[in-house]
Amino acid sequence: MGKEAASSFGRWFALNDFPVQVELTAVCDLNEDVLSWYKAVPSVKLLTTDYKALLADPGVDVVYVALPHNLHKKYYLEVLAAGKDLLAEKPFGIDLEAAVTVMETAENLVRFVRCSSEMPFLPGPQRVIQEVLSGKLGQIIEVRAGFLHSSDLDPEKPINWKRQTKFCGEIGVMGDLGMHVLHVPLRLGWKPNLVYAQLQKIITERPDGKGGMAQCDTWNNATLNTEAFIDGNNVPMTLEMKRIAPGETNTWYIEVLGTKGGVKYSTKETKTLWTFTAEHEQLWQRSDLGFKGIPFPTITGGIFEPGFADCFMQMLAAYIAEREGFLNNRFGCVTPQEAVDSHALFDAALKSYSNQSLQSVNYNIEELA
């Protein structure tokens, strides 16, 4: 992810009429081989294995931190204490307590903090949001959203930190993929108030890279059957977060159905938006999307299709635009409150699975802290 950020800053000039110039000036990594890659970035002045040297650099305004979940709280708080603004990686802490602490610290220190989630910046998700806000769908009756991977389907894939609870947290795959799934629903104000969670540990051992086997004790898959209060009605909302979803490489999707229409989008068909109408007959219509519809226009022509590098750059542009005060109602990055809300849902999901029951979701910060 650090390299993806460097790539975006390296072509910052591709953003049309963007009023703020941004440069990558300092990089910290414990791996010398990784650090050497950044020597090719002309703007980088500091390469270090000591993060404190980076935080002490007066030329650094914003720090992007991409670390395992168990390290989020410690290093996010150090970034904030150093007087830097923060672009945090999801899930914004290993658990609910960590997320609340980071949010409250940012508020107390008056630092600008947002959380990473790239996929909704593609034209397709932006069109979904527009369709919902237009009111053309009528009364919302069902919502489905998810983020699906399949790389863990390989039982010979070696163990890493994302497959161990002590590093990624009890929430497992929900911490890895959940913020991506919830970004759009939460931004639309759709906060689940009830959840019934179906959690799966499918592959419980993996090669340890030393000739033996290591315990893989995290949740591989999570299906959260939730209910959200939308425009005065209780609406079922299904949220999928899966690392073992056969046939899916990196599929993000959302589907919203209403009494008058519907809309759905999946990155499996990057250029395709589906809209539903039922005026004279029931009809799903396919629209071929190009580059139009991204929040921040670039030099890329409207007929070309966007990719991951583009939505990552749009996320960074949204962060800078909001920090500098010119987001102007465009779609923004995940807020600390949204990150905390996602953890509140994940916490309730763990309780739901443990009790095999429908669980209410508590968003009261005073009670959560």
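Residues numbered from 1 in each chain as written. Predicted model: local features only at pLDDT ≥ 70, side-chain atom pairs only at ≥ 80, totals over all residues. Heavy atoms only, no water.

A. Quick look at the pattern of salt bridges. Scanning all chains against the criterion turns up 24 salt bridges. The salt bridge involving Asp347 is made with Lys351; its shortest N-O contact spans 3.2 Å. One end of the pair is Asp347 and the other is Lys351, both in helix H10 (residues 336-355) and 4 residues apart, which spans about a single turn. Judged by its relative accessible area of 27%, Asp347 falls in the partly exposed class. What you see here is one network of salt bridges that share partners, running through Lys90, Asp152, Lys157, Lys162, Arg163, Asp176, Arg206 and Arg243. (Salt bridge = Lys/Arg side-chain N within 4 Å of Asp/Glu carboxyl O. Helix = DSSP H or I, 4+ residues; strand = E, 2+ residues; numbered from the N terminus. Buried < 20%, exposed > 50% of the residue type's maximum accessible area, 1.4 Å probe, protein only.)

B. Just helix H4 (residues 72-81), in detail. Those residues of H4 lying buried are His72, Tyr75, Tyr76, Glu78, Val79 and Leu80. Of the residues flanking the end of H4, it is Gly83, one or two places downstream, whose phi is positive at about 85 degrees.

C. Looking closely at the sheet that holds strand E5 (residues 113-115). Read from one edge of the open sheet, 3 strands run E3-E4-E5, paired in parallel fashion. Looking at strand neighbours, the two that pair on one side only are strand E3 (62-65) and E5, the edges of this open sheet. Strand-to-strand twist in this sheet, taken as the mean axis angle between neighbours without regard to direction, amounts to 15 degrees. Direction of pairing for E3 relative to strand E4 (residues 85-88): parallel, over a ladder of 4 bridges. Within E4, the residue paired with Tyr64 across the bridge is Leu87. Relative to the sheet, helix H9 (residues 308-324) contacts E3, E4 and E5, its axis offset from that of E4 by approximately 150 degrees. (Pairing = 2+ DSSP bridges. Axes fitted to C-alpha atoms, helices over the stretch in contact; angles between N-to-C directions. Contact = heavy atoms within 4.5 Å.)

D. Focus on the pairing of strand E6 (residues 140-149). Across the 10 residues that make up E6, a large majority, 7, are buried. Where E6 and strand E12 (residues 250-258) come together, 9 bridges link them in antiparallel fashion. Looking at E12, one finds that Val143 is bridged to Val256. Sheet topology note: the E6/strand E11 (residues 233-242) ladder contains 6 bridges and is parallel.

E. Expanded view of the nonpolar core. Trp12, Phe92, Leu224 and Val256 are the most contacted members of the largest nonpolar core, which totals 103 residues. Ranked by residue count, the leading element in this core is H9, at 10 residues. The residues touching Leu224, leaving out its near neighbours within four places in the chain, are Met174, Val195, Tyr196, Ala197, Leu199, Met237, Thr238, Leu239, Met241, Leu345 and Ala349. (Core = buried A, V, L, I, M, F, W, Y, C linked by side-chain atoms within 4.5 Å.)

F. The arrangement of a negative patch on the surface in detail. On the surface, Glu104, Glu107, Glu366 and Glu367 cluster together to form a negatively charged patch. One can find Glu104 in helix H5 (residues 96-109). (Patch = residues over 30% accessible without salt bridge, like charges linked within 9 Å, V, L, I, M, F, W, Y side chains within 5 Å. Areas by Shrake-Rupley, 256 points an atom, 1.4 Å probe, with all protein chains shown as cover. Lys, Arg positive; Asp, Glu negative; His and termini not counted. Charge placed at Lys NZ, Arg CZ, Asp CG, Glu CD.)

G. Fine view of the packing of H5 against H10. At their nearest, the axes of H5 and H10 sit 9 Å apart, and the two run at 165 degrees to each other. When the axes of H5 and H10 are compared, the pair comes out roughly antiparallel. The element H5 and its partner H10 pack so that their crossing is left-handed. Residue-level contacts link Leu96, Ala99, Val100 and Met103 of H5 to Pro336, Gln337, Val340, His343, Ala344 and Asp347 of H10. (Parallel < 35°, antiparallel > 145°, perpendicular 65-115°, else oblique. Left-handed = near helix turned anticlockwise from the far one by under 90°.)

H. Structural view of the side chain of Asn220. For Asn220, the position within the fold is in the loop between strand E9 (213-215) and strand E10 (221-230). Side-chain polar atoms of Asn220 contact the backbone nitrogen of Ile202, separated by 2.6 Å. At 3.2 Å, the side chain of Asn220 forms a polar contact with the backbone nitrogen of Ile203. Sequence-distant contacts of Asn220, defined by excluding residues within four places in its chain, comprise Asp152, Val173, Gln200, Lys201, Ile202, Ile203, Met241, Lys242, Arg243 and Ile244. (Polar contact = N/O pair within 3.5 Å; in protein donor to acceptor, adjacent residues only side chain to side chain.)

I. Local environment of the state of the cysteines. Tallied over the full model, the rule gives 0 disulfides. The thiol of Cys168 is not disulfide-bonded; the next cysteine sulfur, from Cys216, is found 8.5 Å away. Cys168 sits in the buried class, given a relative accessible area of 2%. (Disulfide = S-S within 2.5 Å.)

J. Inspection of the packing of aromatic side chains at higher detail. Under the definition given, this model contains 13 aromatic pairs. Geometrically, the ring pair formed by Trp12 and Phe18 is edge-to-face, given 5.4 Å between the ring centres and 85 degrees between the ring planes. We note that Trp12, like Phe18, is buried. Judged by centre distance (5.2 Å) and plane angle (75 degrees), the ring pair of Phe121 and Phe331 falls under edge-to-face. Of this pair, Phe121 sits in the loop between E5 and helix H6 (123-134) while Phe331 sits in the loop between H9 and H10; the two residues are 210 residues apart in sequence, bridging distant segments of the chain. The class of Phe121 is buried, set by a relative accessible area of 0%. Through a chain of ring-to-ring contacts, the aromatic side chains of Phe9, Trp12, Phe18, Phe296 and Phe326 assemble into a single cluster. When the ring centre of Tyr75 is taken as origin, the NZ or CZ atom of Lys74, which lies over that ring, is 5.2 Å away. Here Lys264 stacks its cationic end above the ring of Trp284, 4.4 Å away from the centre of that ring. (Phe/Tyr/Trp six-rings, centres within 6.5 Å; stacked < 30°, edge-to-face > 60°. Lys NZ or Arg CZ within 6 Å of the ring centre and 35° of its normal.)

K. How the structure looks around the packing of H4 against H5. Between H4 and H5, the least distance of the axes is 10 Å, while the angle of their chain directions is 0 degrees. In terms of orientation, H4 lies roughly parallel with respect to H5. Note on element contacts: H5 touches H4 through Glu97, Ala98, Thr101, Val102, Thr105, Ala106 and Leu109, opposite Lys73, Tyr76, Leu77, Leu80 and Ala81. Its residues placed into classes, the contact of H4 with H5 shows 8 nonpolar, 2 polar and 2 charged. (Nonpolar A, V, L, I, M, F, W, Y, C, P; charged D, E, K, R; others polar.)

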